[in-house]
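As a plain string of letters, each chain reads:
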Amino acid sequence: MLKILRYVLSVVTLLFATYGVVTEDFTFVGIMILFLSLTMLALGIEAFKKEEKGMGVFLIVVFFIFLLCIH
């Protein structure tokens, strides 16, 4: 379930980034960072499930940093 969610969030992030680069319209950067942070959260949860605690903590910290960038 998390693997599918991670792939979907990654593709949505990539689509927003590609749209911004191709059209040079960066109005959706906040939404792109939101999806990128959700991708990091999904990766962090997967790392915790694999018992990789260090990587899990790092990815969840990155999630919160990205959320602060949106605001």
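Everything quoted here is computed from the prediction, not taken from an experiment. (Residues numbered from 1 in each chain as written. Predicted model: local features only at pLDDT ≥ 70, side-chain atom pairs only at ≥ 80, totals over all residues. Heavy atoms only, no water.)

### Regarding the overall build of the protein
When its secondary structure is counted, the protein shows 3 helices and 0 strands. Along the protein, helices and strands appear, N-terminal first, in the series α-α-α. Summarising its shape, the C-alpha atoms of the protein cover approximately 40 × 25 × 15 Å along the three principal directions. Here the protein holds 71 residues, and the buried ones make up 24% of them. Across the protein, the fraction of contacts at a sequence separation of at least 24, relative to all contacts at a separation of at least 6, is 48%. About 5000 Å² of surface is accessible on the protein, with carbon and sulfur atoms providing 77% of the total. Taking the average location of the 5 positive side-chain charges in the protein and that of its 5 negative ones, the two points are 13 Å from each other. (Helix = DSSP H or I, 4+ residues; strand = E, 2+ residues; numbered from the N terminus. Buried < 20%, exposed > 50% of the residue type's maximum accessible area, 1.4 Å probe, protein only. Contact = heavy atoms within 4.5 Å. Areas by Shrake-Rupley, 256 points an atom, 1.4 Å probe, with all protein chains shown as cover. Lys, Arg positive; Asp, Glu negative; His and termini not counted. Charge placed at Lys NZ, Arg CZ, Asp CG, Glu CD.)

### With respect to the environment of isoleucine 31
By the element assignment, isoleucine 31 lies in helix α2 (residues 29-49). Given the relative accessible area of 34%, isoleucine 31 is considered partly exposed.

### What to know about helix α3 (residues 53-70)
With 18 residues, α3 extends 26 Å between its outermost C-alpha atoms, agreeing within 8% with the 26 Å of an ideal straight helix rising 1.5 Å per residue. In this structure, the buried residues of α3 make contact with α2. (Expected span 1.5 Å × (residues − 1).)

### Structural notes on the side chain of serine 37
Note that serine 37 resides in helix α2. For serine 37, the contacting residues outside a window of four places in its chain are Phe63, Phe66 and Leu67.

### Description of the pattern of salt bridges
Under the counting rule described, the total for this entry stands at 1 salt bridge. Glutamate 46 serves as the salt-bridge partner of arginine 6, at 3.2 Å between the closest nitrogen and oxygen. Note that arginine 6 is positioned in helix α1 (residues 2-23) and glutamate 46 in helix α2, a separation of 40 residues in sequence. Both residues of the pair, arginine 6 and glutamate 46, belong to the buried class. (Salt bridge = Lys/Arg side-chain N within 4 Å of Asp/Glu carboxyl O.)

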